[in-house]
Amino acid sequence: MSRVQLAINVEDIEEAVAFYSRFFDTEPAKRRPGYANFAIAEPPLKLVLIESPGRGGSLNHLGIEVASPQEVAEATRRYAAAGMSTRVEDGTTCCYALQDKVWVTAPGGEPWEIYTVLADAGRELEGKSHADLDMVPAAANGGGCCC
């Protein structure tokens, strides 16, 4: 199974979760501080919301979730053979999950990732906010993946 991922920055995670829960008639598959993702069956979409005050409504990144590390490796080989610059991250913790992924950048600067989730991470953070933990999301401070 593959599905497109859309990761957007939102001003207020609670407001965004409420809206998208109603819009897609489903609850988030995962909630963490300043973060929520929806695994939507129809249309097949992984919608990721990242609380990023001052950047709400902007694109964070795009992705395609695949079923296995082999599919990530195949995509990496295909992109390299096509002359595309890639950045591989195997066994990285991102989006509160252990993942293998490869990144490419579109001509307009849009970051795309092809990734697979190997395991969940951070269950103890469920329902907490950034304020609860006195932390700043990676997207707000220019850090790496924060989806």
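In this text the structure is predicted, and so the values were computed from the model without any measurement.

A. Region of interest: the packing of aromatic side chains. Enumeration according to the criterion identifies six aromatic pairs in this entry. Ring geometry for Y20 and F24: centres 6.3 Å apart, planes at 15°, overall stacked. Of the two residues, Y20 and F24 are both situated in helix α1 (residues 13-24); the distance of four residues between them amounts to about one turn of the helix. Through successive ring pairs, a cluster of aromatic residues spans F19, Y20, F23 and F24.

B. Expanded view of the sheet that holds strand β6 (residues 87-94). With mixed pairing, eight strands are arranged side by side in an open sheet as β2-β3-β4-β1-β5-β8-β7-β6. Pairing within the sheet leaves two strands with one partner each, and these edge strands are β2 (30-32) and β6. Strand after strand, the sheet turns through a mean of 20° between neighbouring axes, direction not considered. Pairing analysis gives six bridges linking β6 to strand β7 (residues 97-105), with the strands arranged antiparallel. Bridge pairing in β7 places V88 opposite V102. Strands β1 (3-10), β2, β3 (35-40) and β4 (45-51) of the sheet are contacted by α1, whose axis makes an angle of about 160° with β4. Relative to β7, helix α2 (residues 69-81) is tilted by about 15°, and along the sheet it contacts β6, β7 and β8 (111-120).

Scoring rules and cut-offs
- Residues numbered from 1 in each chain as written.
- Predicted model: local features only at pLDDT ≥ 70, side-chain atom pairs only at ≥ 80, totals over all residues.
- Heavy atoms only, no water.
- Phe/Tyr/Trp six-rings, centres within 6.5 Å; stacked < 30°, edge-to-face > 60°.
- Helix = DSSP H or I, 4+ residues; strand = E, 2+ residues; numbered from the N terminus.
- Pairing = 2+ DSSP bridges.
- Axes fitted to C-alpha atoms, helices over the stretch in contact; angles between N-to-C directions.
- Contact = heavy atoms within 4.5 Å.

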